[in-house]
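The chain contents come next:
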Amino acid sequence: MEKFYITTPIYYVNDVPHIGHAYATIAADAAARFHRLAGRDVYFATGTDEHGLNIERVARAHGVAPQAWADRISTAFRDLWAGLHIAYDGYIRTTEPRHERVVQAIFTRLHEQGDIYKGTYEGWYCASCESFYSEAELGEDRTCAVHTGRPVEWNAEPCYLFRLSRYQDWIQSHIERHPGFIEPEAQRNEVLSFVRSGLRDISVSRSTFKWGVPLPFDPDQVAYVWIDALINYITVIGYGDDLEQFRRFWPADVHLVGRDILRFHAVIWPIVLHAAGLEPPRQVFATGFLTFGGQKFSKSLGIILDPVAVSRELAEASGAEPAVAVDALRYFLLREVPFGADGDFNQPALIGRFNADLANDYGNLLNRTLPLVARQFGGVLPTPGPAEGTDAALADLARAVVAAVGEHVGRLNFSQALAEVWRLLGAANKYIDEEAPWSAIKQGRTDRAGTILYNTLEALRIATIVLSPVMPVATQRVWEQLGIEQPLEDQRLEDARRWGSLSPGLRVRTGNPIFPRIDTRPRPVAAATAGEGGDPVSEITIEEFKRLDVRIGEVTAAERVPGTDKLVKLSVDIGDEARTLVAGIATHYQTADLIGRRIVVLANLQPRKVRGVESRGMLLAATWGDDEVAILTVDGAPPVGSRIS
Ligand code: ME8
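Not measured: the values here are computed from a predicted model. (Residues numbered from 1 in each chain as written. Predicted model: local features only at pLDDT ≥ 70, side-chain atom pairs only at ≥ 80, totals over all residues. Heavy atoms only, no water.)

As for the pairing of strand E7 (residues 153-162)
And then number 1: As judged from the 10 bridges shared by strand E5 (residues 116-126) and E7, these two strands associate in the antiparallel manner. Across the sheet, Tyr125 pairs through a bridge with Glu153, a residue of E7.
And then number 2: Sheet topology note: the E7/strand E9 (residues 202-203) ladder contains 2 bridges and is antiparallel. Within E9, the position partnered with Phe162 by the bridge is Ile202. (Pairing = 2+ DSSP bridges. Helix = DSSP H or I, 4+ residues; strand = E, 2+ residues; numbered from the N terminus.)

So, in structure tokens, the structure goes:
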């Protein structure tokens, strides 16, 4: 049996996970599930990176020991993965004894063969990146270019160095001879030019703090956190304690990594492996970065989108089962942004996809077909008659789509793979519209109506199998309504390839909509103003408009006003001063999600006391429906205090 070994980065335990971490993990999970569906022997590994200066400092700042801190955050990661339907085969924590033993074994070997030698290393260090930078790579005023504004520290200490330079020619020719080794192409070119510009030996141990794996040949030194972390990929499959399993899965087929950590994976890691006599991974694939409203996720800016909160809001807005909403988020992340490119996460796009793709194209196809089977055929799937009209074309398309999905997922091209499934769903919707079983029934051609319904459900069965890696729970709900006896998890890609596998005679189970549509219709303006007892909107002069001081502000703090359902107290920087505003947005926005957002403020509104809090100005928002609110935001990044005219 062909094997497939895929990994995510192991995440630092400096902070709780956000949607950026979830992105790489969901993608790896979908790929792993798809390869299982294709009948491969799959190992999917993830975990947490728990050593290093930064984590030691963060733990200390919280007044706990590093191990206790790591335990806490590592649990938060595993809880999140359970909530997001992540089915990993192995979870590794770098503080586990099995891993520390492997790290020590690799260091010993490299030291004994002279690849690691004692020396000193000097350079600028960013503790958040756990990485050295040259002067030229730094941002303004000696700050980290990745962690904007964060000062780097000068680091000079006795340490061990690794002879990266010795392997320069080897890695260069390896990358050149294996075009698929680094993906996407643009990232490969970037790494290649970095390698061609020359590799310096790197520091691989630290002596100024203790939170790491002690070197066996010099206990005053701990292993550099990056080398420690990279080695996880061999520990987790059994390098130290299950050689048989290790041999079955190594080399990794794909290391999924963020672009920020590509060089570690595509240059340093393959060299360490090569020096240790092991094969390099087959591919390192760099994912793009997700932003929120154009801004980086960042704890200090308060932009830490929690994927569970996002899917909970989606469940509340739609009435979908919470686990189905989680799957909708998984779908959205993989569909919306071409894998490997950067993308922006925003709620309107999520709702748009939920309504158009899931509620309409997928869910509604089921909802319009099953009741007809129930009404006309007593809920029992009829035996199809001879092919007529566009029947054969639908079957051909289904076969082509399944083949294309396999190819796209093989290249981690999730958005294209999903677009293919929607090509099938689109065709099935068109098919039922054009073949019109309801007309066949009216004409007394009940058999023909039965055939059309059979074919439509067959297209749905096939789409549901190939969608199951992306939406494992939602597809299960569809499967239950289809009434197929064999469990969805026992299906293989083979079953999706075979048109006509749906068994006549099975009893469908019409149920509630799995993806209930979210109502986004705005209320007409006239009705809205009349409803609020105001006058219809009348014209004003430009001079009247100019009396309004409307500006860009940035939310610096947000908290609920106690004893109210809707009110939030915001501290807002409007350029030359800080203001307190009270806004009725608590049912639509989490306070944590508001911090750091650029908003539009009417600054010269008379102050007003609301529930004991003086509100000086007004946050501008669109309102519609019974209780819908959306904060106004601006394009680009105008500075705080900019006037709106
Ligand atoms: O770098 N968009 O861990 P880390 C997309 N421990 N992906 C994002 C993201 C975003 N906004 N933010 C984070 C480390 N990621 C090391 C890795 S591996 C041997 C050691 C994802 O917690 C992305 O995949 O900083 C990135 O590479 C990873 O999280 C880094 O997580």
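Thoughts on the pattern of salt bridges
And then number 1: Taken as a whole, this structure holds 42 salt bridges when the rule is applied.
And then number 2: Asp115 is the partner of Arg166 in a salt bridge, and the nearest nitrogen-oxygen pair spans 2.5 Å. Residue Arg166 is located in the loop between E7 and helix H5 (168-177), and its partner Asp115 is located in the loop between helix H4 (97-112) and E5; the two are separated by 51 residues in the primary sequence.
And then number 3: For Arg166, a relative accessible area of 47% gives the class partly exposed.
And then number 4: Residue Arg448 is joined to Glu435 by a salt bridge in which the shortest nitrogen-to-oxygen separation is 2.9 Å. Within this pair, whereas Arg448 is found in helix H17 (residues 446-467), its partner Glu435 is found in helix H15 (residues 414-435), the two being separated by 13 residues in sequence. There is no split in this pair, since Arg448 and Glu435 are both buried.
And then number 5: Here the salt bridges do not stand alone but share partners, grouping Glu388, Asp391, Glu435, Arg445 and Arg448 into one network. (Salt bridge = Lys/Arg side-chain N within 4 Å of Asp/Glu carboxyl O. Buried < 20%, exposed > 50% of the residue type's maximum accessible area, 1.4 Å probe, protein only.)

Here we look at the site of the ligand
And then number 1: Of all residues adjacent to the ligand, which total 23 residues, the nearest are Ile10, Tyr12, Asp49, Gly258 and Leu290.
And then number 2: Contact between the ligand and Gly20: a nitrogen atom at 3.2 Å from a main-chain N or O atom of the residue.
And then number 3: Within the backbone of Gly258, an N or O atom sits 2.9 Å from an oxygen atom of the ligand.
And then number 4: Burial of the ligand by the protein amounts to 93% of the accessible area it has alone, namely 670 Å². (Near = heavy atom within 4 Å. Polar contact = N/O pair within 3.5 Å; in protein donor to acceptor, adjacent residues only side chain to side chain. Areas by Shrake-Rupley, 256 points an atom, 1.4 Å probe, with all protein chains shown as cover.)

Focus on helix H11 (residues 307-318)
And then number 1: The first and last C-alpha atoms of H11 sit 17 Å apart over 12 residues, in line with the 16 Å expected at 1.5 Å per residue.
And then number 2: Listed as buried for H11 are Pro307, Ala309, Val310, Ser311, Glu313, Leu314, Ala315 and Ser318.
And then number 3: Tucked into the core, H11 has its buried residues touching helix H1 (19-37), helix H3 (66-83), helix H12 (322-336), strand E16 (343-345) and helix H13 (347-377).
And then number 4: Put simply, Asp306 is the residue that caps the front of H11, since its side-chain oxygen is 2.9 Å from the backbone nitrogen of Val308.
And then number 5: Directly after H11, the chain includes Gly319, whose backbone phi takes a positive value near 85 degrees. (Expected span 1.5 Å × (residues − 1). Contact = heavy atoms within 4.5 Å.)

Considering the environment of Ala27
And then number 1: Within the secondary structure, Ala27 is located in helix H1.
And then number 2: Here the alpha-carbon distance between Ala27 and Glu544, two residues 517 residues apart in the chain, equals 53 Å.
And then number 3: Those residues in contact with Ala27 that sit more than four places away from it in its chain are Leu256, Leu334, Phe339 and Phe414.

With respect to unusual backbone geometry
And then number 1: The omega torsion across Glu183 and Pro184 is -10 degrees, close enough to zero to call that bond cis.
And then number 2: Along the chain, the position of Pro184 falls in the loop between strand E8 (182-183) and helix H6 (185-196).
And then number 3: Here the bond from Trp250 into Pro251 is cis, since omega is 5 degrees, no more than 30 degrees from zero.
And then number 4: With respect to the secondary-structure elements, Pro251 resides in the loop between helix H9 (243-249) and strand E13 (254-258).
And then number 5: With a phi close to 65 degrees, His85 is a non-glycine residue in the positive phi region.
And then number 6: In this structure, His85 sits in the loop between H3 and strand E4 (90-93).
And then number 7: Using a relative accessible area of 15% as the deciding quantity, one classes His85 as buried.
And then number 8: Backbone geometry places Arg142, a non-glycine residue, at a positive phi of 50 degrees.
And then number 9: Assignment of secondary structure puts Arg142 in the loop between strand E6 (131-133) and E7.

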